[in-house]
Amino acid sequence: MRHSGETPAACAPRAEAFRDADDDRHFRDVVDAIELQYTLPSFRAYKSAVLRQLDLRPGDAVVDVGSGLGHDAVAIGALVGPTGTCVGVDLSVRLVERAQARVPAGVGNVSFTVGSALDLPLAPASLDAVKADRLLMHLDDPRELLAQAHHVLKPGGRVAIVEPDCATVTITSTDRAATRRFTDAWCDSFRHGWIGRDLPALARRAGFADLVLTGHLVTAQGFAEVDMLLEVSRTVARIEADNGPGPLTAWLATLRDDVRDEPVRATVTMFHLTARR
Ligand SMILES: C[S@@+](CC[C@H](N)C(=O)[O-])C[C@H]1O[C@@H](n2cnc3c(N)ncnc32)[C@H](O)[C@@H]1O
């Protein structure tokens, strides 16, 4: 985890955007980023694996914290059936409105509410499962979400937490120095860019048991996908604007032109922890 006192070098625009999606400067980008990520087959594959491992049953009461545009909450609603419920909680009023509009007509067991992950608007010991995906990396103190999850879960209830570890980003390039410069800067933009590796310790300290850690590789292929996943162009522009012209502009051009004999590929590992209260 980031140590207190360290401030992020916020050169990756989404590091700020996902903390304040309602801001006009960020909203369009946040919506596009979430929608485009769901177009990647590897992204959808990890999402399905997370829900499978959460072992949801008809009648379960579930919360999706940091529910974004509501894709996962709607999928959970179908798994828990009409006798179950899924509530999506998100800090963003505008994302909650969008998520509500995604609920298919006639589906009455999925709802969304504006709220903070640090103070869930839910009764103690009332839920069978809590899910949070790519949320903890943006929080000031991720321990608070684990404490909240423990508080709202019934004894024996399940938690699924998914976070990238941004230090696992790979990008195919022959220029190792420039690639490392980019990936380090991108990772360090986030409040907790290394949080994937810390999930077991965080969950154990919050009192969870039966911890299972799994990894999923998200893959982007070709410059357009890589740029969408890692916001390479905008991050390089910010780094070079802050530090003056450097090697990253040339590095970016080689990625964009796909100078290797096959399209550029990038990966990031999603750490997926399930545990029981
Ligand atoms: C990267 S998006 C992930 C959205 C969704 N979980 C998904 O996988 O598509 C992070 C989400 O967390 C929300 N968020 C950020 N800080 C939050 C907080 N303190 N409490 C609740 N939601 C928060 C953002 O508004 C955004 O919807």
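Residues numbered from 1 in each chain as written. Predicted model: local features only at pLDDT ≥ 70, side-chain atom pairs only at ≥ 80, totals over all residues. Heavy atoms only, no water.

Asker: Would you mind showing me how to read the site of the ligand here?
Answerer: Inspection of the region around the ligand gives 18 residues, with Lys47, Gly66, Asp90, Ala117 and Arg134 positioned closest. Gly66 is positioned with one of its backbone polar atoms (N or O) 2.7 Å from a nitrogen atom of the ligand. Alone, the ligand offers 600 Å² of accessible surface; in the complex the protein occludes 96% of this. When atom positions are compared with the pocket grids, the ligand is found to occupy the largest pocket. Of the residues contributing to the shell around the ligand, the split by class is eight nonpolar, six polar and four charged. (Near = heavy atom within 4 Å. Polar contact = N/O pair within 3.5 Å; in protein donor to acceptor, adjacent residues only side chain to side chain. Areas by Shrake-Rupley, 256 points an atom, 1.4 Å probe, with all protein chains shown as cover. 1 Å grid on protein atoms, 1.4 Å probe; cavity = no way out; pocket = protein on both sides within 12 Å on 5 of 7 lines; lining within 4 Å. Sits in = over half its atoms within 2 Å of the grid points. Nonpolar A, V, L, I, M, F, W, Y, C, P; charged D, E, K, R; others polar.)

Asker: What should I look at first to understand the packing of aromatic side chains in this one?
Answerer: Any two aromatic rings considered together are summarised by their centre-to-centre distance and by the angle between their planes. Counted by the stated rule, this structure contains four aromatic pairs. Centre to centre, the rings of Phe43 and Tyr46 are 5.1 Å apart; their planes meet at 75 degrees, and the pair counts as edge-to-face. Here Phe43 pairs with Tyr46, and both are found in helix H3 (residues 41-54), just three residues apart, close to one helical turn. Members of the aromatic cluster, joined through ring pairs, are Tyr38, Phe43 and Tyr46. The aromatic ring of Phe27 is capped on one face by Arg94, whose charged end is 4.1 Å from the ring centroid. Its end group placed over the ring of Trp194, Arg197 keeps NZ or CZ at 3.6 Å from the ring centre. (Phe/Tyr/Trp six-rings, centres within 6.5 Å; stacked < 30°, edge-to-face > 60°. Helix = DSSP H or I, 4+ residues; strand = E, 2+ residues; numbered from the N terminus. Lys NZ or Arg CZ within 6 Å of the ring centre and 35° of its normal.)

Asker: Explain unusual backbone geometry to me, please; I cannot follow it from the model alone.
Answerer: In most cases, non-glycine residues show a negative phi, while peptide bonds are predominantly trans. Even without glycine at this site, Asp210 takes up a positive phi of about 55 degrees. You can see Asp210 is positioned in strand S7 (residues 209-221). Overall, Asp210 belongs to the exposed group, its relative accessible area being 54%. A positive phi angle is found at Glu231, which is not glycine, with a value near 40 degrees. You can see Glu231 is positioned in the loop between helix H9 (223-230) and helix H10 (232-243). (Buried < 20%, exposed > 50% of the residue type's maximum accessible area, 1.4 Å probe, protein only.)

Asker: Please explain the side chain of Asn109 as it appears in this structure.
Answerer: With respect to the helices and strands, the residue Asn109 is situated in the loop between helix H5 (93-102) and strand S3 (110-114). In this structure Asn109 touches Gly77, Val80, Gly81, Pro82, Gly84, Thr85 and Cys86, once residues within four positions along its chain are discounted. (Contact = heavy atoms within 4.5 Å.)

Asker: Is there a simple way to think about the environment of Ala105 in this case?
Answerer: Looking at the secondary structure, you find Ala105 in the loop between H5 and S3. Residue classification places Ala105 among the exposed positions, given a relative accessible area of 82%. For the pair Ala105 and Pro142, spaced 37 residues apart in sequence, the C-alpha to C-alpha distance is 35 Å.

Asker: What is the right way to read the environment of Leu120 from this model?
Answerer: Relative to the helices and strands, Leu120 is located in the loop between S3 and strand S4 (127-133). The exposure class of Leu120 is buried, given its relative accessible area of 6%. Sequence separation between Leu120 and Val159 is 39 residues, and the spatial gap between their C-alpha atoms is 14 Å. When residues no more than four places from it in sequence are discounted, the contact partners of Leu120 are Val65, Val89, Gln148 and Val152.

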